[in-house]
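Summary of structural features
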2 protein chains.
Amino acid sequence: MHDDDAQSLTVGLLAASRALVDGISAGVRARGFDDLRPAHGFTFARLAPGGATITQLAEHLDVTRQAAAQLVDELTAKGYVERRPHPDDGRARLIMLTEKGWACTRAADAAMADTVRPWAAALGERRMLALRDDLIRIAPHGPLRPTW
Amino acid sequence: MHDDDAQSLTVGLLAASRALVDGISAGVRARGFDDLRPAHGFTFARLAPGGATITQLAEHLDVTRQAAAQLVDELTAKGYVERRPHPDDGRARLIMLTEKGWACTRAADAAMADTVRPWAAALGERRMLALRDDLIRIAPHGPLRPTW
DNA sequence: CAGATTAGGCAAGTGGCTTGAGCATATAGG
DNA sequence: CCTATATGCTCAAGCCACTTGCCTAATCTG
């Protein structure tokens, strides 16, 4: 692995990553959810399993609680999430996806599949699965966050 | 390629991309260039071949000319680039890297190699080169820009 | 040489984030 | 118990990278 290889790998990885984000973003917008930014996707990903508190969301996104609260305010106003009283802790609130939030999540999954499909066609099934396995092998398994 | 595969590919790609950016950023900082953000790296990449005008830089980064000018102001103040009169066009200015800018570019290349090295060790030379080739195959070949 | 176009700069406004302070609820110690 | 500390969240103000809107200077077009 020479330096030139490292550079071309970097270029390929960043370009592919950006293409993926752009594709998902465009696909979600095309499906009628045109008031969202990519960062919201990471929020949905954290909320989907069963909701989360503001603090948990802030840790996941690596922003302050105030920033997370503001994001939830916006998503609440747009009807994607709702604040509920937390069942175990009177101080906390549990943020959960609304039906509209779930619909958007499904749209994102579909957009993801649409974006990846031409890649599978170009590389073939075998190499595509190898690509997925290798990426997962080298990537850290932490929370998924915006790149920068 | 099922939907689940597309999702895991997305997760791997975004996580790897972020790990790469973080690694490069940390490596550049560790080498003494601690007043730069990842976005500046994309600027350097465009300027390295032989300089560029504000307008060309703005197009490359996909921001307004004012934003590009502001970025150049900052990099000029920090000593990484300099504005020269454009040889062919009296209106334009050619932005070029200073020696410090070149030193930073070399540091970024080294940081890139450092970040990628453990991946090559984990996957082996063969799969690593295949990964690079596949990524370049599926990624668009346009200008390299921040992901979002 | 007059009009349109292009390169760049100046000024003000915006959005997403931060830091700082404060209130309500929960947990721990005497 | 009851006080002291920690935790979850919110309100308010400020910051910074970026935007839109307008301007001047230089170049191209007919």
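Everything here concerns the structure above.
Everything numeric in this text was worked out from a predicted model, so none of it was measured.

Procedures and definitions
- Residues numbered from 1 in each chain as written.
- Chains lettered and ligands numbered in written order.
- Predicted model: local features only at pLDDT ≥ 70, side-chain atom pairs only at ≥ 80, totals over all residues.
- Heavy atoms only, no water.
- Helix = DSSP H or I, 4+ residues; strand = E, 2+ residues; numbered from the N terminus.
- Buried < 20%, exposed > 50% of the residue type's maximum accessible area, 1.4 Å probe, protein only.
- Contact = heavy atoms within 4.5 Å.
- Areas by Shrake-Rupley, 256 points an atom, 1.4 Å probe, with all protein chains shown as cover.
- Lys, Arg positive; Asp, Glu negative; His and termini not counted.
- Charge placed at Lys NZ, Arg CZ, Asp CG, Glu CD.
- Buried area = accessible area lost by both parts, 1.4 Å probe.
- Polar contact = N/O pair within 3.5 Å; in protein donor to acceptor, adjacent residues only side chain to side chain.
- Nonpolar A, V, L, I, M, F, W, Y, C, P; charged D, E, K, R; others polar.
- Near = heavy atom within 4 Å.
- Least-squares fit on C-alpha atoms with pLDDT ≥ 70 in both.
- Core = buried A, V, L, I, M, F, W, Y, C linked by side-chain atoms within 4.5 Å.
- Salt bridge = Lys/Arg side-chain N within 4 Å of Asp/Glu carboxyl O.
- Phe/Tyr/Trp six-rings, centres within 6.5 Å; stacked < 30°, edge-to-face > 60°.
- Lys NZ or Arg CZ within 6 Å of the ring centre and 35° of its normal.

1. Regarding the overall build of chain A
From N to C terminus, chain A includes six helices and two strands. For chain A, the sequential pattern of α-helices and β-strands runs α-α-α-α-β-β-α-α. Within chain A, the fraction of its 148 residues that count as buried is 45%. Partitioning the intrachain contacts of chain A with sequence separation of at least 6 by distance along the chain shows that 54% fall at a separation of at least 24. With an accessible surface of roughly 7500 Å², chain A has 52% of that area assigned to carbon and sulfur atoms. Looking at charge distribution, chain A has the averaged site of its 19 positive side-chain charges lying 4 Å from that of its 19 negative ones.

2. As for the interface of chain B and chain A
On the side of chain A, 51 residues touch chain B, which itself brings 51 residues to the contact. Taking both partners together, chain B and chain A bury about 5400 Å²; carbon and sulfur atoms supply 71% of that area. Counting across the interface, chain B meets chain A through nine residue pairs in polar contact (both at pLDDT 80 or more). Taken together, the elements giving at least two residues each to the side of chain B that touches chain A come down to α1 (3-30), α2 (38-47), α5 (99-123) and α6 (125-138) of chain B. Ranked by residues supplied to the side of chain B that touches chain A, first place goes to α1 of chain B with 20 residues. Across the side of chain B that touches chain A, the residue classes tally to 33 nonpolar, six polar and 12 charged.

3. Observations regarding the protein's contact with DNA strand C
DNA strand C sits among 20 residues. The nearest are Thr64, Gln66, Gly90 and Arg91 of chain A together with Arg91 of chain B. The sugar-phosphate backbone supplies 60% of the atoms of DNA strand C found within 4 Å of the protein. In the environment of DNA strand C, a phosphate oxygen lies 2.8 Å from a nitrogen or oxygen atom belonging to the backbone of Gly90 of chain A. The contact in question runs from a phosphate oxygen of DNA strand C to an N or O atom on the backbone of Ile54 of chain B, over 3.3 Å. Those elements giving two or more residues to the surface near DNA strand C turn out to be α4 (65-77) of chain A together with α3 (54-61) and α4 (65-77) of chain B. The element best represented in the surface near DNA strand C is α4 of chain A, accounting for four residues. Counted by class, the surface near DNA strand C contains six nonpolar, seven polar and seven charged residues.

4. A closer look at the protein's contact with DNA strand D
In the vicinity of DNA strand D there are 20 residues, among which Thr55, Arg83 and Arg91 of chain A together with Thr64 and Gln66 of chain B approach most closely. Each atom of DNA strand D within 4 Å of the protein was classed as base or backbone; sugar and phosphate made up 62%. At a separation of 2.7 Å, a phosphate oxygen of DNA strand D approaches a polar side-chain atom of Thr64 of chain B. A distance of 2.5 Å separates a base oxygen of DNA strand D from a polar atom in the side chain of Gln66 of chain B. Counting residues per element, the ones that place at least two in the surface near DNA strand D are α3 (54-61) and α4 of chain A together with α4 of chain B. The greatest single-element share of the surface near DNA strand D, amounting to four residues, is contributed by α4 of chain B. The residue inventory of the surface near DNA strand D, partitioned by class, reads six nonpolar, seven polar and seven charged.

5. A closer look at the relation of the copies chain B and chain A
Of the two same-sequence chains, chain B is brought onto chain A (RMSD 0.1 Å, axial shift 0.0 Å) by a rotation of 180 degrees. Both chain copies can therefore be described as sitting about a two-fold axis. When the interface residues of chain B are mapped onto chain A, 100% of them are again interface residues, pointing to one common binding face.

6. A few points about the nonpolar core
Most often, soluble globular proteins keep nonpolar side chains buried together rather than apart. Counting 85 residues, the largest nonpolar core has Leu131 and Leu135 of chain A together with Trp119, Leu131 and Leu135 of chain B as its most contacted members. A total of 11 residues in this core trace back to one element, the largest contributor, which is α1 of chain B. Residue contacts for Leu131 of chain B: discarding those within four places in its chain leaves Leu9, Leu131, Asp134, Leu135 and Ile138 of chain A together with Leu123 of chain B.

7. Topic: the pattern of salt bridges
On inspection of all chains with the given rule, the structure shows 22 salt bridges over all chains. In this structure, Arg31 of chain A and Asp114 of chain A form a salt bridge, with 2.7 Å as the shortest nitrogen-oxygen distance. Of this pair, Arg31 of chain A sits in the loop between α1 (3-30) and α2 (38-47) while Asp114 of chain A sits in helix α5 (residues 99-123), and the two are 83 residues apart along the sequence. You can call Asp114 of chain A partly exposed: its relative accessible area is 34%. One network of salt bridges, with partners in common, ties together Asp5 of chain A together with Arg132 and Asp133 of chain B.

8. A short note on the packing of aromatic side chains
Residues and elements named next belong to chain A. Scanning the model with the defined rule gives four aromatic pairs over all chains in all. The interplanar angle of 50 degrees and the centroid separation of 5.8 Å between the aromatic rings of Phe44 and Tyr80 together place this pair among those described as tilted. Of this pair, Phe44 sits in helix α2 while Tyr80 sits in the loop between α4 and β1 (81-85), and the two are 36 residues apart along the sequence. Under the relative-accessibility criterion, Tyr80 is labelled buried at 1%. Aromatic rings pair up to connect Phe33, Phe44 and Tyr80 into one cluster. Between Lys100 and the ring centre of Tyr80, over which it is positioned, the NZ or CZ distance is 4.5 Å.

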